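For reference, the chains in residue letters:
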Amino acid sequence: MKCPRFHVLSIGKQFMQMHNIIWPRFLSVLAPKVATQDVKKPKTGIIMLNMGGPATKDEVHNYLLRIMTDTDMIQLPVQSTLGPLIAKRRTPEVQKKYDEIGGGSPILKWTERQGELLCQKLDELSPETGPHKYYVAFRYASPLTEDTLDLIEKDGVERAVIFSQYPQYSCATTGSSFNAIYKYYRSRKLPAGVKWSIIDRWATHPLLAKTVADRIRTELIKFPDEVKNDVIIMFSAHSLPLKAVNRGDSYPWEVGATVQAVMEELGYSNPYSLVWQSKVGPLPWLQPSTDEALKGFVKQGKKNFILVPIAFVNEHIETLHELDIEYCNDLAKEIGVEMIRRAAAPNDHPLFIDALTDLVKTHLHNNQPISPKFLTRCPHCTNARCQQTKSWFAKLCI
Ligand code: FES
């Protein structure tokens, strides 16, 4: 029942017990490819940060390799040796999972679609900051952040907005991407004349809440009237090791804030719960897990559910394989669920495009290039790179 990429760590139990694995996801690519639209001379670049995913099976190994050697995401002993070994060993199994969802991750397709629609709207609503051009910057798959930063320099944008596509901030995901940007420029000159700024989190944006609420309503109406009010809405987010939570990572409570905003939008019409998926390894992570929570509810006599991806803005392997195949199909049949539906990710929902547009437009016109929260480390952070990154961005985004 565990997500394939997170199984990366199951290569050896004793090994896992010694290492702190954070958020081991999917795997990626090598061929430098940069996703942008054709804009002659962009004034404002919108850099869309995300983890990425292998577009084809051939890209799985490199994707895994990047994840397993990212010390912000995963901490292993002798990581430079062990990480590649794990990536190699896990590749066939993970490729099989991608086969089962059509051969690759759709995350690039969705991000490009979102970027196109976002820039169209920005050109219309904020002509003074246009033309706008989106740049996809993935951490572990093509188009890689480093290649995208090169392109931005070539394009000669005047303003660059680094826009995290994770609504809720975690040091293992968004934080890792910002650390990578700092690392890239540590040994290079910054492009001249660019004004930089950051959108690092947006867990409670009202239009994000409306988008997810609408996705839920779309599924709720498919249930018979007599059970509709009893359907349990299960918000499922990627889990996180308790070690990271106890350092002070804000992810769990930011996810909780999104859940409350969505339920407020729905008028608290149904019972609901926040559950965590994709745990890997024996160390303690946030619970309850999505599969165990489903089993628990069924034991209590509950039989109807909607699963809602609450921390992913695009379909990818966690939604298409773990939620759809492993839980909504296989597990649901096994434990006697009557009806279970999965709410779609935001993808290109018009309200979601409005949310992205509002976030960037407001950001372009306000006077806060960087948030005080971004500049503050977790209270128990022991990663020196976090301090260096935050100090560097504080000077960059003035
Ligand atoms: Fe959170 Fe370093 S681990 S700021």
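Residues numbered from 1 in each chain as written. Predicted model: local features only at pLDDT ≥ 70, side-chain atom pairs only at ≥ 80, totals over all residues. Heavy atoms only, no water.

In the annotation of an unreviewed UniProt entry, the protein is listed under the name Ferrochelatase and assigned to Cryptotermes secundus. Under Pathway (unreviewed entry), UniProt gives the following word-for-word description of the protein: "Porphyrin-containing compound metabolism; protoheme biosynthesis; protoheme from protoporphyrin-IX: step 1/1." Database annotation for the protein, UniProt heading Catalytic activity (unreviewed entry): "heme b + 2 H(+) = protoporphyrin IX + Fe(2+)". (UniProt positions renumbered as here; feature names shortened; annotations may be inferred.)

Colleague: Can you help me understand the packing of helix α7 (residues 206-220) against helix α10 (residues 251-265) in this one?
Modeller: When two helices pack together, their arrangement is given by the angle between the helix axes and by the axis-to-axis distance. α10 packs onto α7 with a crossing angle of 60° between their chain directions and a minimal axis gap of 8 Å. For α7 against α10, the interelement crossing comes out right-handed. Contact residues: α7 offers L208, A209, K210, V212, A213, I216 and R217, while α10 offers T258, A261, V262 and E265. Residues that form the contact of α7 with α10 fall into these classes: seven nonpolar, one polar and three charged. (Axes fitted to C-alpha atoms, helices over the stretch in contact; angles between N-to-C directions. Helix = DSSP H or I, 4+ residues; strand = E, 2+ residues; numbered from the N terminus. Left-handed = near helix turned anticlockwise from the far one by under 90°. Contact = heavy atoms within 4.5 Å. Nonpolar A, V, L, I, M, F, W, Y, C, P; charged D, E, K, R; others polar.)

Colleague: Teacher, can you tell me more about unusual backbone geometry here?
Modeller: Negative phi is the rule for most residues except glycine; trans is the rule for most peptide bonds. With an omega dihedral of -5°, the bond running from G130 to P131 counts as a cis peptide bond. By the secondary structure assignment, P131 is in the loop between α4 (107-125) and β4 (132-138). Note the cis peptide between Q287 and P288, where omega equals 5°. Relative to the assigned elements, P288 resides in the loop between β8 (272-277) and α11 (290-299). A positive phi angle is found at Y268, which is not glycine, with a value near 50°. Classification of Y268 by relative accessible area gives partly exposed; the value is 38%. Backbone geometry at S278 places phi at a positive 75°, although glycine is not the residue there. (Buried < 20%, exposed > 50% of the residue type's maximum accessible area, 1.4 Å probe, protein only.)

Colleague: Honestly, helix α12 (residues 317-335) in this entry has me stumped. Any pointers?
Modeller: Since the α-helix advances by 3.6 residues per turn, residues separated by three or four positions end up pointing in the same direction. End to end, α12 covers just 23 Å across 19 residues, shorter than the expected 27 Å (1.5 Å per residue, more than 12% under). The principal kink in α12, of about 35°, is found at L323. Of the positions making up α12, those classed as buried are I317, E318, T319, H321, E322, L323, E326, Y327, C328, L331 and A332. Where α12 is buried, its residues meet α3 (79-100), β7 (232-238), β8, α11, β9 (304-309) and β10 (339-342). Downstream of α12 by one or two residues, G336 has phi in the positive range, about 85°. (Expected span 1.5 Å × (residues − 1). Bend = angle between axes of the 7 residues up to and from the residue.)

Colleague: For this particular structure, what's the right way to read the sheet that holds β8?
Modeller: Paired through backbone hydrogen bonds, the strands of a sheet run either parallel or antiparallel to each other. With parallel pairing, the four strands of this open sheet are ordered in space as β8-β7-β9-β10. The open sheet terminates on both sides in strands that have one partner only, identified here as β8 and β10. Going across the sheet, the axis of each strand differs from the next one's by a mean of 25°, ignoring polarity. Strand direction decides the pairing type here: β7 and β8, joined by six bridges, are parallel. By the bridge assignment, F235 is partnered in β8 with L274. Against the sheet, α7 makes contact with β7, β9 and β10, and its axis sits at roughly 150° relative to β9, the strand it touches most. Strands in contact with α12 are β7, β8, β9 and β10; relative to β10, the strand with the most contacts, it is inclined by about 175°. (Pairing = 2+ DSSP bridges.)

Colleague: I'm lost on the packing of aromatic side chains in this one. Help?
Modeller: The relation between two aromatic rings is expressed through the spacing of the ring centres and the mutual angle of the planes. Taken as a whole and judged by the stated rule, the model has 16 aromatic pairs. On the basis of an interplanar angle of 55° and a centroid distance of 5.9 Å, the ring pair of Y251 and W276 is categorised as tilted. One end of the pair, Y251, is in helix α10; the other, W276, is in strand β8, and 25 residues separate them in sequence. Residues Y251 and W276 agree in their burial class; the two are buried. Ring centres 5.8 Å apart and planes at 90° place the aromatic pair F374 and F393 in the edge-to-face group. Separated by 19 residues along the polypeptide, F374 in the loop between α13 (350-365) and α14 (384-396) and F393 in helix α14 bring together distant segments of the chain. You'll find F374 and F393 in the same group, each marked buried. (Phe/Tyr/Trp six-rings, centres within 6.5 Å; stacked < 30°, edge-to-face > 60°.)

Colleague: For this particular structure, what's the right way to read the pattern of salt bridges?
Modeller: Oppositely charged side chains can pair when the atoms bearing their charge come close. Counting across every chain of the model gives 18 salt bridges. The shortest N-O distance in the salt bridge between K133 and D155 comes to 2.8 Å. One end of the pair, K133, is in strand β4; the other, D155, is in helix α5 (residues 145-155), with 22 residues separating them in the sequence. Residue class for K133 comes out buried when judged on its relative accessible area of 6%. For E315, the salt bridge goes to R342, with nearest N and O atoms at 2.8 Å. Of the two residues, E315 is situated in the loop between β9 and α12 and R342 in strand β10; the sequence distance between them amounts to 27 residues. You'll find E315 and R342 in the same group, each marked buried. Within this structure, D200, R201 and E254 form a network of salt bridges that share partners. (Salt bridge = Lys/Arg side-chain N within 4 Å of Asp/Glu carboxyl O.)

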